[in-house]
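# Structural overview
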Amino acid sequence: GKNGLQQAIDRRGGQIHIGAGGGAAAQFVKQANERHGRKQQDRIAITHGRVPVGHVIVDRNGPVCICGNRGCLEAMANRPAIISNAKRIVKNNRDPIMQQVVDDDPSQITLKHIAEAADAGSVFAKELIQSTADHLAFAIRNQSVVMDIRKVVFGGEAAIDLGPLLMQYLNEYL
């Protein structure tokens, strides 16, 4: 059977390409049908350029974003926000696994370190990835309702570096 993400994709009319890393950006693509004589052909037409998905509010009590609002996706789920949370965990000696992965040097933390710590069993690293997926899924669900989205194509630094665990959580939430 199809997972939740695939079912959500099949119900919608367009697709959104989302990249998350230093910020969060998206581009909306709508499939249109044309008739040429007796034959109907599909074509892809970009109906909207860049979608400001980074400033969709995902937590009204979240930190202040550079745009001035609180709890924007960009302030909650971009690389600097995720790494800042991981640094705080390591500095407060709350996660020996993550501390070991970065040799007790929080200034060296990357998204790959967080994924490595999660794979090694770090509960805190898994929670960071899970929280990121939750915020991304919330924004994607809201955009899909507004923009008639059938397919989500997710990429960017967060998708690459946080890898399969991020995608697993996104599939669960969508």
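The structure under discussion appears in the preceding block.
Residues numbered from 1 in each chain as written. Predicted model: local features only at pLDDT ≥ 70, side-chain atom pairs only at ≥ 80, totals over all residues. Heavy atoms only, no water.

### Focus on the overall build of the protein chain
Broken down by element type, the protein chain carries 7 helices and 5 strands. When the helices and strands of the protein chain are placed in sequence order, the string is α-β-β-β-β-α-α-α-α-α-β-α. (Helix = DSSP H or I, 4+ residues; strand = E, 2+ residues; numbered from the N terminus.)

### Some remarks on the packing of aromatic side chains
Counting across every chain of the model gives 1 aromatic pair. For the pair Tyr169 and Tyr173, a centre-to-centre distance of 6.4 Å together with 15° between the ring planes defines the contact as stacked. In this pair, Tyr169 and Tyr173 are both assigned in helix H7 (residues 157-173), 4 residues apart and thus about one turn of the helix distant. Residue Tyr173 is classed as partly exposed on the basis of its relative accessible area, which comes to 25%. (Phe/Tyr/Trp six-rings, centres within 6.5 Å; stacked < 30°, edge-to-face > 60°. Buried < 20%, exposed > 50% of the residue type's maximum accessible area, 1.4 Å probe, protein only.)

### A closer look at the nonpolar core
Met98, Ile114, Ile129, Leu162 and Leu166 are the most contacted members of the largest nonpolar core, which totals 38 residues. Mapped onto this core, the elements with two or more residues apiece are helix H2 (73-77), helix H3 (79-91), helix H4 (96-101), helix H5 (111-119), helix H6 (123-147), strand E5 (149-155) and H7. Ranked by residues supplied to this core, first place goes to H6 with 8 residues. Beyond its immediate chain neighbours, meaning those up to four positions away, Leu162 contacts Ile82, Leu111, Ile114, Ala115, Ile129 and Glu157. (Core = buried A, V, L, I, M, F, W, Y, C linked by side-chain atoms within 4.5 Å. Contact = heavy atoms within 4.5 Å.)

### Focus on H7
Structural remark: α-helix, 3.6 residues per turn; residues separated by three or four positions point the same way. Its 17 residues place the ends of H7 only 20 Å apart at the C-alpha level, less than the 24 Å of an ideal helix rising 1.5 Å per residue. Where H7 bends most, at Gly163, the angle is about 110°, and the proline Pro164 comes one to four residues later. (Expected span 1.5 Å × (residues − 1). Bend = angle between axes of the 7 residues up to and from the residue.)

### Digging into the side chain of His113
Mapped onto the fold, His113 is located in helix H5. From its side chain, His113 meets the backbone nitrogen of Thr110 in a polar contact 3.0 Å long. Dropping the residues within four chain positions of it, His113 is found in contact with Val101, Val102 and Gln108. (Polar contact = N/O pair within 3.5 Å; in protein donor to acceptor, adjacent residues only side chain to side chain.)

That is the geometry; function is a separate question.
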